[in-house]
Amino acid sequence: MKRNPYTLTFGKEPAESISRPLQLNEIIDTFRADRPSQQIYMISGVRGAGKTVFMSELSSYFQKEEDWVVTELNPNKNMLEELASHLSNEHTIAQIFKNAKINLSFWNFGIEFNTGMQLTDIDTALYNMLEALQKKQKKLLITIDEVISSENMHIFASTYQIMLRKNLPVFLLMTGLYENINQLQNEKSLTFLYRAPKITLKPLNLGSIASNYKSVFNLDQNTSRDMAALTLGYPFAFQVLGYMTWKYNGNYKDALSEYRQYLEEYVYEKIWSELSPKDRQVAYAIAKCSNDTIKDIREILDMQTNEFNPYRKRLLRKGIINGESRGHVHFTLPLFDEFVLDNYF
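Residues numbered from 1 in each chain as written. Predicted model: local features only at pLDDT ≥ 70, side-chain atom pairs only at ≥ 80, totals over all residues. Heavy atoms only, no water.

Caption draft 1: Structural context of the overall build of the protein. Looking only at helices and strands, the protein has 15 helices and seven strands in total. Along the longest, intermediate and shortest principal axes, the C-alpha atoms of the protein span 70 × 55 × 35 Å. Among the 345 residues that make up the protein, the fraction classed as buried is 48%. Within the protein, contacts between residues at least 6 apart in sequence are counted, and of these 69% link residues at least 24 apart. Approximately 17600 Å² of the protein is accessible, and the part contributed by carbon and sulfur atoms is 44%. (Helix = DSSP H or I, 4+ residues; strand = E, 2+ residues; numbered from the N terminus. Buried < 20%, exposed > 50% of the residue type's maximum accessible area, 1.4 Å probe, protein only. Contact = heavy atoms within 4.5 Å. Areas by Shrake-Rupley, 256 points an atom, 1.4 Å probe, with all protein chains shown as cover.)

Okay, structure coming up:
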């Protein structure tokens with residue numbers, strides 16, 4: 001029996017996925033340029049938008065390049081020591097540090113360096129390591145998933161800023177929810193992050209989703225389009241509907257009840273809990289409005305434009321609503337309107 005090609009696990013790269021070539025190529029081309037205009041990208045999006053999978057695609061690409069070293073850091077640890085440890089234990093480049101007489105035995109990172117002055121300052125050790133990589137024309141890509149505004153992150157970002165000023169070959173990819181990235185950028189000592197480009201992951205192409213379902217389940221074009229429309233292009237919904245449809249032997253209609261339940265229990269309840277009471281009230285009015293017009297939504301709320309706009313902007317930035325059509329807003333998450341109507345009290 002064939003294994004289900006879709007996954008319900010957040011962050012796990014599934015067998016069936018939809019790529020984002022334009023955004024992938026933007027980052028790849030920028031980082032690979034002779035004189036990169038940017039050495040940081042921040043990847044944002046609502047829960048389940050595919051941030052981790054997107055970053056994993058980029059990591060996989062650069063890992064195949066001989067002149068690149070890729071490492072992932074945990075934002076809940078001492079990130080500077082973790083970075084030095086990862087580099088010193090990377091067999092393909094450890095010899096570079098030995099030849100440069102960089103002695104890291106103070107931290108017991110697993111490799112004994114018999115020559116050179118023992119380094120006891122982690123910042124200095126990292127600068128020396130990156131300079132050694134630079135002389136060998138190698139570049140370092142650091143990835144951090146689900147960043148938060150923590151002391152560990154502040155210390156790392158401050159040191160990274162100095163690395164940039166020293167023109168060291170270090171590049172950074174970070175994923176995070178809008179509110180976490182925004183909080184990190186608001187740190188007075190980290191204002192350089194405001195200049196870092198942010199890629200907000202939008203819905204997947206519905207035509208690509210339909211083609212995927214058509215191929216995997218051997219469906220006719222109309223049925224595959226109907227399935228794709230049920231996801232609204234939301235990456236996690238694409239995986240869940242595919243997973244449940246596989247479970248029901250290709251009959252997506254039989255899977256709809258479990259599809260909705262899974263979205264609600266594993267994503268929507270968390271999103272809902274993070275909204276303020278006023279945000280929930282605005283979401284309820286959007287769900288209740290039959291034509292998605294901002295004018296009618298404001299009438300339901302009895303709000304003037306200047307009072308409504310801050311909540312509209314906040315929901316837009318969180319990725320919960322789409323406001324690309326002038327005068328209209330609608331939810332980006334499939335069946336979220338029904339969830340809101342059932343859960344607003």
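Caption draft 2: How the structure looks around the packing of helix H9 (residues 221-231) against helix H11 (residues 252-273). Where H9 meets H11, the closest approach of the two axes is 12 Å, and the angle between their N-to-C directions is 10°. By the criterion of interaxial angle, the relationship of H9 to H11 is roughly parallel. Mapping the contact onto sequence places Thr-223, Asp-226, Met-227, Leu-230 and Thr-231 in H9 and Tyr-252, Leu-256 and Tyr-259 in H11. (Axes fitted to C-alpha atoms, helices over the stretch in contact; angles between N-to-C directions. Parallel < 35°, antiparallel > 145°, perpendicular 65-115°, else oblique.)

Caption draft 3: Representation of the pairing of strand E3 (residues 139-144). Within E3, five of the six residues are buried, leaving the element largely enclosed by the surrounding structure. As paired strands, strand E2 (residues 68-73) and E3 are joined by six bridges and run parallel to one another. Within E3, the residue paired with Thr-71 across the bridge is Ile-142. Relative to strand E4 (residues 170-176), E3 runs parallel, the two being bridged by five bridges. Within E4, the residue paired with Leu-140 across the bridge is Val-170. For the segment spanning E3, helix H6 (residues 151-165) and E4, crossover handedness is right-handed. (Pairing = 2+ DSSP bridges. Right-handed = clockwise from strand over helix to strand, strands pointing away.)

Caption draft 4: Inspection of the packing of aromatic side chains at higher detail. Applying the stated criterion to the full structure yields 21 aromatic pairs. Both rings, one in Tyr-6 and one in Phe-217, keep their centres 6.0 Å apart while their planes meet at 15°; by these two values the pair is stacked. One end of the pair, Tyr-6, is in the segment before helix H1 (21-32); the other, Phe-217, is in helix H8 (residues 206-217), with 211 residues separating them in the sequence. Each member of the pair, Tyr-6 as well as Phe-217, carries the same accessibility label: buried. Members of the aromatic cluster, connected to one another through ring pairs, are Phe-31, Tyr-41, Tyr-61, Phe-62, Trp-68 and Phe-171. Above the ring of Tyr-127, the side-chain terminus of Lys-166 is found at 5.0 Å from the ring centroid. (Phe/Tyr/Trp six-rings, centres within 6.5 Å; stacked < 30°, edge-to-face > 60°. Lys NZ or Arg CZ within 6 Å of the ring centre and 35° of its normal.)

Caption draft 5: Broad picture of the environment of Arg-326. For Arg-326, the position within the fold is in the loop between strand E6 (321-322) and strand E7 (330-331). It is 9.0 Å that separates the C-alpha atoms of Arg-326 and Ile-294, two residues lying 32 residues apart in sequence.

Caption draft 6: Region of the structure containing helix H5 (residues 122-135). With 14 residues, H5 ought to run about 20 Å at 1.5 Å a step, and its terminal C-alpha atoms sit 20 Å apart, in line with that. The secondary structure elements touched by the buried residues of H5 are helix H3 (79-88), helix H4 (91-99), E3, H6 and E4. (Expected span 1.5 Å × (residues − 1).)

Caption draft 7: How the structure looks around the nonpolar core. Counting residues in hydrophobic clusters, the biggest one holds 68 residues, and the most contacted among them are Phe-31, Leu-173, Tyr-213, Tyr-234, Ile-320, Phe-331 and Phe-336. With nine residues, H11 is the largest single contributor of residues to this core. Leaving out residues up to four positions away in the same chain, Tyr-213 has contacts with Tyr-6, Asn-218, Leu-219, Ser-224, Met-227, Ala-228, Thr-231, Ala-237, Phe-238, Leu-241 and Gly-242. In this structure, Leu-73, Ile-96, Phe-156 and Leu-190 belong to the second largest nonpolar core, which totals 38 residues. (Core = buried A, V, L, I, M, F, W, Y, C linked by side-chain atoms within 4.5 Å.)

Caption draft 8: Quick peek at the pattern of salt bridges. Under the counting rule described, the total for this entry stands at 12 salt bridges. Residue Arg-260 is joined to Glu-338 by a salt bridge in which the shortest nitrogen-to-oxygen separation is 2.8 Å. Of this pair, Arg-260 sits in helix H11 while Glu-338 sits in helix H15 (residues 336-343), and the two are 78 residues apart along the sequence. With its nearest N and O atoms 3.0 Å apart, the salt bridge here joins Asp-279 to Arg-314. Taken together, the residues span a long stretch of sequence, with Asp-279 in helix H12 (residues 277-288) and Arg-314 in helix H14 (residues 305-317) at a distance of 35 residues. You can call Asp-279 buried: its relative accessible area is 2%. For Arg-314, a relative accessible area of 31% corresponds to the partly exposed category. By sharing partners, the salt bridges in this structure join Arg-260, Glu-264, Glu-338 and Asp-342 into a single network. (Salt bridge = Lys/Arg side-chain N within 4 Å of Asp/Glu carboxyl O.)

Any functional reading would require information beyond the geometric quantities listed.
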